[in-house]
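# Coordinate inspection notes
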Number of protein chains: 2
Amino acid sequence: MQVEVVAVGDELLYGDIINGNAAWLGRELADVGIRLDTSVVVGDDIGRIAAAVTTALGRADAVILTGGLGPTQDDLTREGLARAAGVELVRDDFLEQLLRRRFGELGRTGATGAPERRAPEMNFRQADLPLGSEALPNARGTAPGLRVPIATGVAYALPGVPHEMTEMFTASVLPDLLRRAGEPAVVVHRVLRTAGIWESAVAEALAPEVSRVTPLGNPTIAFLASGGQTRVKISARARDRAEAETIIAPVERAAREALGSAVYGSNDDSLEGVVHGLLRARGATLAVAESLTGGLLAGRLTDGAGSSATFRGGVVAYATDLKESLLGVDGAVLGAHGAVSAQTAAAMASGVRDRLGATYGLSLTGVAGPDEQEGKPVGTVHLGLAGPAGVTTRSVRLPGDRPRNRAYAVVQALDLIRRTLSTP
Amino acid sequence: MQVEVVAVGDELLYGDIINGNAAWLGRELADVGIRLDTSVVVGDDIGRIAAAVTTALGRADAVILTGGLGPTQDDLTREGLARAAGVELVRDDFLEQLLRRRFGELGRTGATGAPERRAPEMNFRQADLPLGSEALPNARGTAPGLRVPIATGVAYALPGVPHEMTEMFTASVLPDLLRRAGEPAVVVHRVLRTAGIWESAVAEALAPEVSRVTPLGNPTIAFLASGGQTRVKISARARDRAEAETIIAPVERAAREALGSAVYGSNDDSLEGVVHGLLRARGATLAVAESLTGGLLAGRLTDGAGSSATFRGGVVAYATDLKESLLGVDGAVLGAHGAVSAQTAAAMASGVRDRLGATYGLSLTGVAGPDEQEGKPVGTVHLGLAGPAGVTTRSVRLPGDRPRNRAYAVVQALDLIRRTLSTP
């Protein structure tokens, strides 16, 4: 089974939008073992779209198009597909009625008080189908997708809006592709999220399970590292969801056992969300004291709505004297060990806990770079955590440049409190 | 003149990397009026690369390839181009010597104390050229680029590493493309950076200049909005740099006059960098007090190296009672006007200025969303700035969701102090 992707849109060619759809489709197809050899971007031009489809189907079994399904004059994917298939575009009455109802349902009311249903006629171009093709339902927007048989192959046209595209691909295209390939028709992913462990260590821990599973071809296991965290993605194909879960279960169990406490959550969990959840479960609050990260830890903890229930606030003690005046770090500690030290991290954590009246105080001090500080090398980071049971510290050496060291240090801090609160 | 782009790499197809190179090239080509109709991604496969080049040159005058020029077995762009051109790959002695010297220069020392020059032989594949082609110098890496004449067209191969690619495109490819098109051979860009003004207002202010310049075709004016800031990009083609500057000068002058104080800098300037520069020039320091932005303002002010010279630190008073205890905001002010008010913003700015011992105190309080607060709608933001001359406040209503409101509020705060410090 071989598939090609054709993305349609001048805005992609001219770099106004990055082609994230093609990357997402490439990942999804690779996850289920479907080969993608070529991916194309063409502008809003009927001839170009038709040529790209014909070329793709000369090599592949199926082609997936994204974009160009909207109502305006420069949305030309329908016309391009009709030309490639050598058929006419025909207005589908049922689809047109659906669209008219949909636009009516938006509830705009005219001067008479009666619903005003005069949506511009242009909108109903979205009910035009190449003869012999089939509309794919769009759960999140107005433009239906298309499934167009062309010679012995098939073309699928999806909207360019990412959340409409991903939904339609998963609901309509992937099952159809797998049926054509003679494969089971449902794909389920399980993502395990890890922190405080390098990608190479994740891969090493899972090597036996990867070796066991890879020859079977189902499920597949992939590693995705970004921002100092590594995700493990287990993907299973099956006839239905329950069977897919049965295929995933033993692999997930083995992976969780191999990774232990490095797994902080699954699927869409965020590290800061898990921390907030652990605090909430204990009726506890958090305050943070930062130096090298300059506010990024507090910024991350307030990313989500509702964080004020567990997050009290923070102090960015960037200048060294503020570590004394704002956080009560003893001048003697700073003098003896320096601002970048485990001792200072411990005092910062205690200080911010006391002064901000939180259950836990979490602190970070270190050398972001590009230059060393107090003779300590770039990447040196000391973390402190003060709580009802006392103060603990942790010291790490990060390998990155300034922006990466700052981002990784935030993850280290969140992971320190996550692991502490997870311990019964 | 028509150009196509072919990006090479399995990691692009499978979505491990987003194809930012193609977007960048599309933008650069559009800026100088060169048409790009199709852009392709192919995997690491000689036949696919060759076929993509042949197809592209069947339609266009030139094709630009990115990626696949490295030293490993899966770097196959050289082989693909040789096949497309119908020629052999030949080792270039001069390039090989350059590479051997370069690897020697890395200064790894062997056990005997003598420099160890045994770089893996594989590295010298980078000295292989399709017969009749020309190497393009790589100022930032080891892999040279290629210029390969094929029939009446030409293929350029650039490295996949973005900063190597952009440098080589600008230095070697673009001048060559413009020469082939019979156009002047140098392109100079001037970017004007604005803050505190919406994109539509920028476009409106420059409408007369855009109308005047567009029919001439040179220079071009483009607007790029992101993260609450709008850039104005003026691009001129000319025979040399001096002539390009002469073409840009009157348009830049007109744009600066139309935009006035909204322009904070040009080219690679950052808003926070400009703020640090203004503070440095006055021998002044800054401290910040945040609520809805939760540390993001402080985080942005410490993005760059050397920020400790002018940035003292910050307080994230997320819980309302911390506005009293950490910043000295009067409880009566909070009671009468609420935490989200101009009065509280003013008191936060004064408080953080005093307690952190800074020349200026900058504050932010507001409603990030998704829910309203104190009966004040999402997007309400109050800013305060305390300095030697007293306290000023500013109130805005931002139109975004939670992440956008937080990001835009940071820009508003930086812009408030930027404008104040810029006033003589």
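Since this is a predicted model, take the numbers as computed values, not measurements. Per chain, residue numbering runs from 1 following the sequence as it is written. Each chain gets a letter, beginning with A, and each ligand a number, beginning with 1, in the order they are written. Totals for whole chains, interfaces and linings use all residues, but because this is a predicted model, local features are given only for residues with pLDDT of at least 70 and pairs of side-chain atoms are given and counted only at 80 or more. Values reported for side chains reflect all heavy atoms of the structure, with hydrogen atoms and water molecules removed beforehand.

Attention shifts here to the domain arrangement of chain A. Residue and element names in this part refer to chain A. As annotated, the domain borders come from an automatic or database domain assignment. Each domain of chain A was delimited in the assignment, giving domain 1 (2-180), domain 2 (186-266) and domain 3 (273-422). A straight line from the C-alpha centre of domain 2 to that of domain 3 covers 31 Å. Working rule for contacts: check all heavy atoms of both residues, and any pair within 4.5 Å makes them a contact. On the domain 3 side, the residues contacting the 10 residues of domain 2 number eight residues. Here domain 2 and domain 3 share an interface that buries about 820 Å² over both sides, 55% of which is from carbon and sulfur atoms. Buried area is a sum: the accessible area each of two parts loses on coming together, probed at 1.4 Å, counted once for each and added. On the domain 2 side of the interface with domain 3, the three residues burying the most area are Gly196, Trp198 and Tyr264, jointly 46% of the side's total.

All names here are of chain B. Only when DSSP finds a minimum of two bridges between them are two strands counted as paired. Elements are defined by DSSP. Helices are runs of H or I of four residues or more, strands are runs of E of two residues or more, and each kind is numbered from the N terminus. Read across the sheet, four strands follow the order 10-11-9-12 without closing on themselves; strand pairing throughout is antiparallel. Among the strands making up the open sheet, the edge pair consists of strand 10 (220-226) and strand 12 (263-266). When strand polarity is set aside, the average angle formed by the axes of neighbouring strands in this sheet is 25°. By the bridge criterion, seven bridges tie strand 10 to strand 11 (residues 229-238) in an arrangement that is antiparallel. Looking across to strand 11, one finds that leucine 224 is bridged to arginine 231. Only the stretch in contact is used when a helix axis is fitted, and all axes are lines through C-alpha atoms; the angle between N-to-C directions ranges over 0 to 180 degrees. Along the sheet face, helix 2 (residues 20-31) touches strand 9 (186-194), strand 10 and strand 11 and points at about 55° away from the line of strand 11.

Right, let's talk about the interface of chain A and chain B for a bit. Contacts between the two partners involve 52 residues from chain A, matched on the other side by 51 residues from chain B. For the pair chain A and chain B, the summed buried area comes to about 4000 Å², and 54% of that belongs to carbon and sulfur atoms. Of all residues in chain A, A:Tyr14, A:Arg48 and A:Arg312 give up the largest surface area on contact with chain B, accounting jointly for 15% of the area buried on that side. Note on definitions: salt bridges are taken to be side-chain nitrogens of Lys or Arg within 4 Å of carboxyl oxygens of Asp or Glu. The interface formed by chain A and chain B holds eight salt bridges in total. N or O atoms within 3.5 Å of each other form a polar contact, as long as, within protein, one can give a hydrogen and the other can take it, and as long as residues adjacent in sequence are counted only when both atoms are side-chain atoms. Between chain A and chain B we count 33 residue pairs in polar contact (both at pLDDT 80 or more) in total. Considering only residue class, the side of chain A that touches chain B consists of 23 nonpolar, 18 polar and 11 charged. Gly falls in the polar group here, along with every residue not listed as nonpolar (Ala, Val, Leu, Ile, Met, Phe, Trp, Tyr, Cys, Pro) or charged (Asp, Glu, Lys, Arg).

In summary, soluble globular proteins display a tendency toward joint burial of nonpolar side chains. Buried residues of nine kinds, namely Ala, Val, Leu, Ile, Met, Phe, Trp, Tyr and Cys, make up a nonpolar core once their side-chain atoms join them within 4.5 Å. To sort residues, take the accessible area from a 1.4 Å probe on protein chains only and compare it with the maximum for the residue type: under 20% means buried, over 50% means exposed, and anything in between is partly exposed. Judged by nonpolar contacts, the single largest core of 56 residues is most densely connected at A:Leu65, A:Leu81, B:Leu65 and B:Leu81. The contacts of B:Leu65, once residues within four sequence positions are left out, are B:Val6, B:Val8, B:Ile49, B:Val53, B:Thr77, B:Leu81, B:Ala155, B:Tyr156, B:Ala157 and B:Leu158.

Turning next to the pairing of strand 11 (residues 229-238) of chain A. A regular strand carries its side chains on alternate faces of the sheet. Residues and elements named next belong to chain A. Across the 10 residues of strand 11, nine count as buried, placing the element largely inside the fold. Relative to strand 11, strand 9 (residues 186-194) is paired through nine bridges, and the arrangement is antiparallel. When the sheet's bridge partners are listed, valine 186 is paired in strand 11 with alanine 238.

Another point: the side chain of B:Arg237. Residue and element names in this part refer to chain B. The topology assignment puts arginine 237 in strand 11. On the basis of relative accessible area, arginine 237 is assigned to the buried category, the value being 13%. Side-chain polar atoms of arginine 237 contact the backbone oxygen of glycine 217, separated by 2.6 Å. What arginine 237 contacts, discounting residues up to four positions off in sequence, is Val32, Leu178, Glu183, Pro184, Val186, Val187, Gly217, Asn218 and Ile247.

Moving on, we get to the pattern of salt bridges. A complete count under the given rule lists 46 salt bridges over all chains for this structure. The partner of A:Asp37 in a salt bridge is B:Arg48, and the shortest N-O contact between them spans 3.4 Å. Pair noted here: A:Asp37 is in strand 2 (residues 35-42) and B:Arg48 is in helix 3 (residues 46-59), and the two residues belong to different chains. Residues A:Asp37 and B:Arg48 agree in their burial class; the two are buried. Between B:Glu79 and B:Arg125 there is a salt bridge whose closest N-O contact spans 3.0 Å. Placement of the pair is B:Glu79 in helix 4 (residues 77-85) and B:Arg125 in the loop between helix 5 (93-105) and strand 5 (128-130), with a sequence separation of 46 residues. Here B:Glu79 falls in the buried class, since its relative accessible area comes to 19%.

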